[in-house]
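# Commentary on secondary and tertiary structure
Chain residues, written in single-letter form:
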Amino acid sequence: MGGADRDIRWIYMHMIEEYARHNGHADLIRESIDGVTGD
């Protein structure tokens, strides 16, 4: 497996991690505003 395949995989994983992190932050902000928590 070459370097380019590895680099693309790293980019995809990094993007997924960042997306999840930002969704978590947005959820905390929303919960603090409306007080509704997920189950």
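What you see is a predicted model; the values in this text were computed from it and never measured. (Residues numbered from 1 in each chain as written. Predicted model: local features only at pLDDT ≥ 70, side-chain atom pairs only at ≥ 80, totals over all residues. Heavy atoms only, no water.)

## Side note on the overall build of the chain
- Within the chain one finds 1 helix and 0 strands.
- The buried share of the chain, reckoned over its 39 residues, is 0%.
- As displayed, the chain has an accessible area near 3,700 Å², and 62% of this comes from carbon and sulfur atoms. (Helix = DSSP H or I, 4+ residues; strand = E, 2+ residues; numbered from the N terminus. Buried < 20%, exposed > 50% of the residue type's maximum accessible area, 1.4 Å probe, protein only. Areas by Shrake-Rupley, 256 points an atom, 1.4 Å probe, with all protein chains shown as cover.)

## A word on the pattern of salt bridges
- For the structure on display, the rule yields 4 salt bridges.
- One salt bridge connects E18 with R21, and the closest N-O pair in it is separated by 2.4 Å. Separated by 3 residues within a single helix, E18 and R21 lie in helix α1 (residues 3-34), roughly one turn from each other.
- Between R30 and D34 there is a salt bridge, with the nearest N and O atoms lying 3.3 Å from each other. Linking R30 with D34, this pair stays in helix α1, spanning 4 residues, or about one helical turn.
- R30 gets classed as partly exposed once you look at its relative accessible area, which sits at 31%. (Salt bridge = Lys/Arg side-chain N within 4 Å of Asp/Glu carboxyl O.)

## Focus: a nonpolar patch on the surface
- Where nonpolar side chains cluster on the molecular surface, the patch consists of I8, W10, I11, Y12 and M15 and spans about 580 Å² of accessible area.
- Within the element layout of this structure, Y12 appears in helix α1. (Patch = residues over 30% accessible without salt bridge, like charges linked within 9 Å, V, L, I, M, F, W, Y side chains within 5 Å.)

## Brief notes about α1
- The end-to-end C-alpha distance of α1, which contains 32 residues, comes to 47 Å, matching closely the 46 Å that a straight helix rising 1.5 Å per residue would cover.
- After α1 finishes, the residue G35 shows a positive phi value of roughly 75 degrees. (Expected span 1.5 Å × (residues − 1).)

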